[in-house]
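Coordinate inspection notes
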Amino acid sequence: MSGDGSLEWLRREGRIVVVGASLAGLRAAETLREKGFAGSLTMIGDEPYEPYDRPPLSKQVLLGVATADGTALPRRRALDATWRLGVAATGLDMAAGRVRLADGDEVPYDRLLIATGVRARPWPRPEEAELDGVFVLRTRDDSTALARRLAEGPKRVFVIGAGFTGSEIASACRERGLAVTVAERAAAPLVGALGGVVGAVAAELQREHGVDLRCGVMVTALEGDAAGRVRAAHLSDGATIETDVVVVSLGATRNTEWLAGSGLGAGPRGIACDAGCRAFDIRGIVTDDIYVAGDVARSPHPLFGYQFLSLEHWGNAVSQAEIAAHNMLSESADRIPHMWVPAFWSSQFGVNIKSVGVPSMGTEIVVAQGSLTDRRFVGVYGYQGRVIGAVAFDHARWLPFYQELIETTAPFPPPFPMVDRRPDGQRPMDADFPDPSVPTHGPTVTLSGYSPADRRMTFTPAH
């Protein structure tokens, strides 16, 4: 479809299909209607629920102060959409413009938005993963089941993985007065996202709040009793932890398997798209009728060396969805790029953690405000002589200032005579990120790809 006539036709009577009844899927659909799309809109979701909010699932719901069925996302407007809930998309025929569903149905589209997000990475041994008392946390049903089990007062909760979700779960358990052990293969919690300097602060915070934190260890096995209930976890250092609830928090897997063989540029790291959210096919050619938004998207960001970034962030899903919807209904000259600066927040152990930019790209960190020992500080990350990210522990008022430095590619370390810095003036130090080839429990931003200006890459075709 090209030229004004066809775009007018699309707006008036075209068929737009959204796969993923998620935050991104909902916001995109609302934006399409706001921008005057009057054609047919179909929302496909593999869960039986209308779009709901995920952050409360690891916080308020686990504390018992909210229920998972109270997490439905507020609607900005009526959608007039056909909802196909509880039925997963299983395939895509790009040539015919059809999405195949698990029930055998096929849904035709003129424009397609893929917002299938991510799912929790399961415990790798199925027979152990299926023990009663072993949980993951991603969906409404996961949260309801885990909250119900925590309310029963287990003897000990064992959390595998000290990324943001694992740390939030441990925090909720401690707030409920439950004994908690956390096992993390890296040297400290949150190191994949924030590095070792900040990870050390997170480790102190957990231990002070009574978490039995075990770092630098792997879980070698989960052991069940005769009735099939989990009873112990075995660690690589030889320790055995008796536990009746295990939460596996090993990060996320992108929901792209249904696109295998479709010819779309989709794989384990997500679906590659351009800065305007248009998906690439496997030959690297951009499609004009398929768009991507949310956690499943990988898009190049000019502020970060045109790295392909996958962002598991709430605000990114909203922003990207709105841009995809706008571009879907626009002529090429009117399309806009997705330039949202990553921003992320977490609350755990009484501390509000917020970050902007891509801390995990940083090689150095300077404590620009506050101090690590007080647990109230701003850490600013530098990469190749410029500010690339910042994280605040209970000090979020400074983040808009650092976001502006990131957006203007300001030099690192930032020179401030006027800021509430300690007179001892912190020096930049190694941010201490783990070797990227060793898996940790996940940064909130995944880097994959190189700058087009980087000529050192060699490309060797397979055939």
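Residues numbered from 1 in each chain as written. Predicted model: local features only at pLDDT ≥ 70, side-chain atom pairs only at ≥ 80, totals over all residues. Heavy atoms only, no water.

Under the 1.5 Å per step criterion, the end-to-end length of helix α5 (residues 140-151) is 16 Å for twelve residues, consistent within 8% with the ideal 16 Å. After α5 finishes, the residue Gly153 shows a positive phi value of roughly 75 degrees. (Helix = DSSP H or I, 4+ residues; strand = E, 2+ residues; numbered from the N terminus. Expected span 1.5 Å × (residues − 1).)

Most of strand β23 (residues 307-311) is tucked away: five of the five residues are buried. Neither face of β23 is exposed, since Gln307, Leu309 and Leu311 on one face and Phe308 and Ser310 on the opposite face are all buried. The pairing of strand β22 (residues 297-301) with β23 spans three bridges and is classified as antiparallel. Bridged to Pro300 within β23 is Phe308. Linking β22 to β23, which pair antiparallel, is a turn of five residues; within it Gly305 sits at a positive phi near 60 degrees. (Buried < 20%, exposed > 50% of the residue type's maximum accessible area, 1.4 Å probe, protein only. Pairing = 2+ DSSP bridges.)

All right, on to the UniProt feature "domain: FAD/NAD(P)-binding" (unreviewed entry) in the protein chain then. With numbering aligned to this structure, UniProt lists the feature "domain: FAD/NAD(P)-binding" (unreviewed entry) at residues 15-321. The distance from the first to the last C-alpha atom of residues 15-321 is 17 Å, and the span holds 23% helix and 31% strand. (UniProt positions renumbered as here; feature names shortened; annotations may be inferred.)

Right, let's get into the UniProt feature "domain: Reductase C-terminal" (unreviewed entry) in the protein chain. UniProt's entry tags residues 344-414 with the feature "domain: Reductase C-terminal" (unreviewed entry), counted in the numbering of this structure. Annotated as 13% helix and 51% strand, the span residues 344-414 places its first and last C-alpha atoms 22 Å apart.

To continue, consider the packing of aromatic side chains. Counted according to the given criterion, the structure contains seven aromatic pairs. Here the aromatic cluster, defined as three or more aromatic residues joined through ring pairs, consists of Trp398, Phe401 and Tyr402. Sitting over the face of the ring of Trp345, Lys59 holds its NZ or CZ atom 4.4 Å from the ring centroid. The ring of Tyr49 has Arg140 lying over it, and the distance from NZ or CZ to the ring centre is 3.7 Å. (Phe/Tyr/Trp six-rings, centres within 6.5 Å; stacked < 30°, edge-to-face > 60°. Lys NZ or Arg CZ within 6 Å of the ring centre and 35° of its normal.)

One open sheet accounts for three strands, arranged β13-β14-β15; its pairing is antiparallel. Here the strands that pair on one side only, and so sit at the sheet edges, are β13 (219-224) and β15 (240-242). Across the sheet, the axes of successive neighbouring strands diverge by a mean angle of 20 degrees, strand direction being ignored. Where strand β14 (residues 230-235) and β15 come together, three bridges link them in antiparallel fashion. (Axes fitted to C-alpha atoms, helices over the stretch in contact; angles between N-to-C directions.)

What follows concerns unusual backbone geometry. Backbone torsion omega between Phe412 and Pro413 reads -5 degrees, so that peptide bond is classified as cis. Within the secondary structure, Pro413 is located in the loop between α9 (399-407) and β29 (429-430). One non-glycine residue, Asp432, lies in the positive phi region at around 60 degrees. You can see Asp432 is positioned in the loop between β29 and β30 (445-448).

A few words now on the nonpolar core. By size, the foremost hydrophobic cluster in this structure holds 70 residues, and its most contacted members are Leu194, Tyr381 and Phe393. In terms of residue count, the dominant contributor to this core is helix α7 (residues 191-208) (eight residues). Within the second largest apolar cluster, 28 residues are counted, among which are Leu7, Ala28, Ala324 and Met328. (Core = buried A, V, L, I, M, F, W, Y, C linked by side-chain atoms within 4.5 Å.)

Moving on, we get to the pattern of salt bridges. One pass over the structure, following the stated rule, counts 28 salt bridges. Between Glu152 and Arg149 there is a salt bridge whose closest N-O contact spans 3.8 Å. The partner of Asp288 in a salt bridge is Arg278, with the nearest N and O atoms 3.1 Å apart. Remark: Arg278 occurs in strand β20 (residues 278-280) and Asp288 occurs in strand β21 (residues 286-292); sequence separation between them is ten residues. Within this structure, Arg27, Glu30, Glu34, Arg76 and Glu322 form a network of salt bridges that share partners. (Salt bridge = Lys/Arg side-chain N within 4 Å of Asp/Glu carboxyl O.)

Interface size is often expressed as the accessible area that is lost when the parts come together. Segmentation of the protein chain into domains returns domain 1 (6-119 + 253-330), domain 2 (122-250) and domain 3 (343-432). Inter-centroid distance (C-alpha atoms) of domain 2 to domain 3 is 29 Å. Each side of the interface is counted separately: domain 2 has 21 residues, and domain 3 has 20 residues. Around 1,700 Å² of area is buried between domain 2 and domain 3 when both sides are counted, 69% of it from carbon and sulfur atoms. The tally of links from domain 2 across to domain 3 stands at two salt bridges. Across the pair Glu204 and Arg375 runs a salt bridge, and its minimum N-O distance is 2.8 Å. The interface formed by domain 2 and domain 3 holds eight residue pairs in polar contact (both at pLDDT 80 or more) in total. Elements with a minimum of two residues in the side of domain 2 that touches domain 3: α6 (164-175) and α7. Within the side of domain 2 that touches domain 3, the residues separate by chemical class into ten nonpolar, seven polar and four charged. (Domains from an automatic or database assignment. Contact = heavy atoms within 4.5 Å. Buried area = accessible area lost by both parts, 1.4 Å probe. Polar contact = N/O pair within 3.5 Å; in protein donor to acceptor, adjacent residues only side chain to side chain. Nonpolar A, V, L, I, M, F, W, Y, C, P; charged D, E, K, R; others polar.)

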